[in-house]
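Summary of structural features
The primary structure of each chain is shown beneath.
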Amino acid sequence: LSILSFWQLYDGLVPKILTTTFGIGETYSGIIMALDNILALFLLPIFGSLSDKCKSPLGRRRPFILFGTIAAVVLMMGLPLLDNSYYANPSPTKIVLFIINLGLLLIAMGTFRSPAVALMPDVTPKPLRSKGNAIINLMGAVGGVLYLIITSVLYSKSRTDGLDHINYIPIFLIVGVIMIISLLVVMYGVNDRELC
């Protein structure tokens, strides 16, 4: 739920910010948007493997989910702040900071994606894994639908028509809250040390 909410936000708004606020052409914004797939090729296997070997008091997967989610939420909030700041007072430094922030955010997301996906098979007995997989897919769909409903209310055509600049802080905050609530559910509701 948390991860899909984030990716809906990322895929829906970051290209708009890059092209509309920063004036980056579609070719370069497309290259920037492809960074997540390039980083995923390296980060997902590395952090999946690291979490396989992890022996922390929080278990194998939860340390990655905890620190990765917190880092992602903090970095994510930098995007609309830099977007608004650049609109108010354009500067090449702010474009560079935005792209660095974006890169760090993608790294943070990559640190906990594999461990989060691996958590379900770790803690679910084999006969129930197909049901567990169905629940994971359902939660992902719920995250995506939640994001779409919220954006359709906050950023409806009637609210955004004629605006020179759109403030995206509210939707980033809401997705950040969804990610933190999801994190709390995992941290307090799933003890992979006991269940593995």
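What comes next concerns the included structure. Computed from a prediction, not measured in an experiment: that's the story for all the values here.

Moving on: the nonpolar core. In terms of nonpolar packing, the biggest core is built from 37 residues, with M109, I171, F172 and M179 touching the most fellow members. For this core, the secondary structure elements donating two or more residues are α1 (2–21), α2 (26–53), α3 (62–88), α4 (92–123), α5 (129–154) and α7 (169–189). Here the element with the most residues in this core is α1; it accounts for 9 residues. Discounting chain neighbours no more than four positions away, the residues touching I171 are L9, L13, Y147, I150, T151, L154 and Y155. The next biggest cluster of nonpolar side chains, apart from the first, holds 7 residues, and it includes I65, L119, V123 and M187.

Computed from the structure, the largest pocket encloses a volume of approximately 870 Å³. Considering the residues around the largest pocket, the lining is formed by 28 residues, among which L1, A116, I136, M139 and V186 are closest to the centre. Elements that contribute at least two residues to the lining of the largest pocket include exactly α1, α3, α4, α5 and α7. The residue makeup of the lining of the largest pocket, split by class, is 20 nonpolar, 8 polar and no charged.

To continue, consider empty space enclosed by the protein. In the structure shown here, the tally under the stated rule is 1 cavity of 30 Å³ or more. The volume enclosed by the largest cavity comes to roughly 40 Å³. Taken together, W7, D36, L39, A40, L43, L106, M109, G110 and R113 make up the lining of the largest cavity. For the lining of the largest cavity, the secondary-structure elements that each account for two or more residues are α2 and α4.

Bringing α4 into the picture now. For α4, which comprises 32 residues, the first-to-last C-alpha distance of 48 Å matches the rise-based estimate of 46 Å (1.5 Å per residue) to within 8%. A maximum bend of about 25° is found in α4 at F112, where proline P115 lies one to four positions downstream.

Moving on to the packing of aromatic side chains. Here the structure, examined in full by the defined rule, presents 7 aromatic pairs. Note on F6 and Y10: the rings are 6.0 Å apart at their centroids and 20° apart in plane angle, and the pair reads as stacked. A residue pair is termed a helical-turn pair when its members lie 3 or 4 positions apart in one helix, as F6 and Y10 do in helix α1 at 4 residues. Per residue, the accessibility class of F6 equals that of Y10, and both read buried. Here the aromatic rings of F47 and F64 are separated by 6.2 Å at their centres, their planes lie at 70°, and the arrangement is edge-to-face. Of this pair, F47 sits in helix α2 while F64 sits in helix α3, placing them 17 residues apart in sequence. You'll find F47 and F64 in the same group, each marked buried. Members of the aromatic cluster, joined through ring pairs, are F6, W7 and Y10.

Conventions and cut-offs
Residues numbered from 1 in each chain as written. Predicted model: local features only at pLDDT ≥ 70, side-chain atom pairs only at ≥ 80, totals over all residues. Heavy atoms only, no water. Core = buried A, V, L, I, M, F, W, Y, C linked by side-chain atoms within 4.5 Å. Buried < 20%, exposed > 50% of the residue type's maximum accessible area, 1.4 Å probe, protein only. Helix = DSSP H or I, 4+ residues; strand = E, 2+ residues; numbered from the N terminus. Contact = heavy atoms within 4.5 Å. 1 Å grid on protein atoms, 1.4 Å probe; cavity = no way out; pocket = protein on both sides within 12 Å on 5 of 7 lines; lining within 4 Å. Points joined across faces, edges and corners; volume = space filled by probe spheres on them. Nonpolar A, V, L, I, M, F, W, Y, C, P; charged D, E, K, R; others polar. Expected span 1.5 Å × (residues − 1). Bend = angle between axes of the 7 residues up to and from the residue. Phe/Tyr/Trp six-rings, centres within 6.5 Å; stacked < 30°, edge-to-face > 60°.

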